[in-house]
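# Inside the fold
What follows is the residue order along each chain.
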Amino acid sequence: MSSSENSRLSVALVDVAPGRLDEFRRLAAMFEHVLQQKYYGRADTIQDESNPSRFYAVRRWTDASSAVRCHADPDVQAITAQIYQLARVTHIVNGVRREDVRSASSDRRAGLTGDRRAGFERRLQRQGDGVKGSERRRGGDRRQTSRRARDRQALDLVAAARSAREYAVATFSRFKVGAALETANGVVVTGCNVENATYGLTICAERVAMFKALSEGHRDFRRIAIVADTGEPTPPCGACRQILWEFGGDLEIQLANLETSTKTLQLRDLLPMPFDARLL
Ligand code: THU
């Protein structure tokens, strides 16, 4: 297989919980159907001959951006959220980001050991190893990714945030915000702001994305794109900075409006003296 074909391939190991095989097969068929129908690519779910509860989910993406658009698609997210309820999914090869295999394998370890600690606690442990989690992500993984590939991925993430913004429930402020959070193994989880009649229970797009991601089992994050229809880019509010810091660490933040992708920042610069679990 040529390297460009290889770079458009994703493979995940899926271990289905006992008694849930039929449900899984139904969801896998739905997933395959949506992928094909929306031209994201093709998916095959291959059962392991010697272990009937194990499957190999192979996806061949149509092009470089289809994996990212697919992961950001609410229809796809609804199916994968259900799959995560009944199976353990271990990403082996990650789509257009062949160079991210290292981070995929660390995510795989986290999956296998059933690590339920918040990102913050795990980062504390890594600091004990002498390397900060965020530094490892930024230095280690990034060095293997070309600037052009990073720019393209950033644009895809902004596109996902723009699409998510369309779903905003901004009944009272009319101020729609979209966010797209990228996990360490390249999955994109989106969010939009949701307002309600009490006003005070409003939740911002960034926290929706983070809570969705945590509730689907993701624990390691790389960056987040935030989109609003403003001339100057809209930075995350204080509450979101806190939540993003505690669960995502020093995330890269991509701020954009509807036309241009503008600023790239580090969360550390937006939250210079953070309160976190180290102080408890
Ligand atoms: N909002 C966000 O979703 N994210 C931000 O970073 C700033 C504010 C939302 C909350 C509320 O629904 C609306 O924007 C106006 O504050």
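Before going into details, it helps to say that this report is about the structure given with it. Predicted, not measured: the structure shown is a model, and the values here were computed from it. (Residues numbered from 1 in each chain as written. Predicted model: local features only at pLDDT ≥ 70, side-chain atom pairs only at ≥ 80, totals over all residues. Heavy atoms only, no water.)

## Details of the packing of aromatic side chains
This is how it is decided: Pairing of aromatic rings covers Phe, Tyr and the six-membered ring of Trp, with a centre-to-centre limit of 6.5 Å; geometry is then stacked below 30 degrees between planes, edge-to-face above 60, and tilted otherwise. Each helix corresponds to a stretch of at least 4 residues labelled H or I by DSSP, and each strand to a stretch of at least 2 residues labelled E; elements are numbered beginning at the N terminus. Only protein chains enter the area calculation, which uses a 1.4 Å probe; residues under 20% of their type maximum are buried, those over 50% are exposed, and those in between are partly exposed.
Throughout the structure, instances matching the rule amount to two aromatic pairs. For the ring pair Phe 24 and Phe 55, a centre distance of 4.8 Å and an interplane angle of 50° mean the geometry is tilted. Taken together, the residues span a long stretch of sequence, with Phe 24 in helix H2 (residues 21-37) and Phe 55 in strand S3 (residues 51-61) at a distance of 31 residues. Its relative accessible area of 4% is what places Phe 55 among the buried residues. Plain terms: the ring middles of Phe 172 and Tyr 199 are 5.1 Å apart, the flat faces sit at 45° to each other, and that makes the pair tilted. With a gap of 27 residues between them, Phe 172 in the loop between helix H8 (147-165) and strand S5 (177-183) and Tyr 199 in the loop between strand S6 (188-192) and helix H9 (205-215) connect regions that are remote in the sequence. A residue is classified by how much of its surface remains accessible, and Phe 172, at 42% relative accessible area, is partly exposed.

## Observations regarding empty space enclosed by the protein
So the rule is basically this: Note on definitions: the grid is 1 Å and covers protein atoms alone; a cavity is a set of points where a 1.4 Å probe fits but cannot get out; a pocket is an open set with protein on both sides within 12 Å along at least five of seven lines; lining residues have an atom within 4 Å of a point. Grid points are joined across faces, edges and corners, and a volume is the space filled by probe spheres set on the points. Polarity classes work like this: nonpolar for Ala, Val, Leu, Ile, Met, Phe, Trp, Tyr, Cys and Pro, charged for Asp, Glu, Lys and Arg, and polar for all others, with Gly in that last group.
Applying the stated rule across the entire model yields five cavities of 30 Å³ or more. Computed from the structure, the largest cavity encloses a volume of approximately 250 Å³. Of all the secondary structure elements, the ones that give two or more residues to the lining of the largest cavity are H2, strand S2 (41-48), S3, helix H4 (74-86), strand S4 (87-93) and S6. The element contributing the most residues to the lining of the largest cavity is H4, with five residues. When the residues that make up the lining of the largest cavity are grouped by side-chain class, the tally is 14 nonpolar, six polar and three charged.

## Considerations on the pairing of strand S9 (residues 261-266)
The condition is simple: Following DSSP output, two strands are said to pair if at least two bridges run between them.
Taken together, the five bridges between strand S8 (residues 252-256) and S9 define a ladder with antiparallel strand orientation. Bridge assignment links Leu 255 to a residue of S9, and that residue is Lys 263. Here S8 hands over to S9 after four residues, the two strands then running antiparallel side by side.

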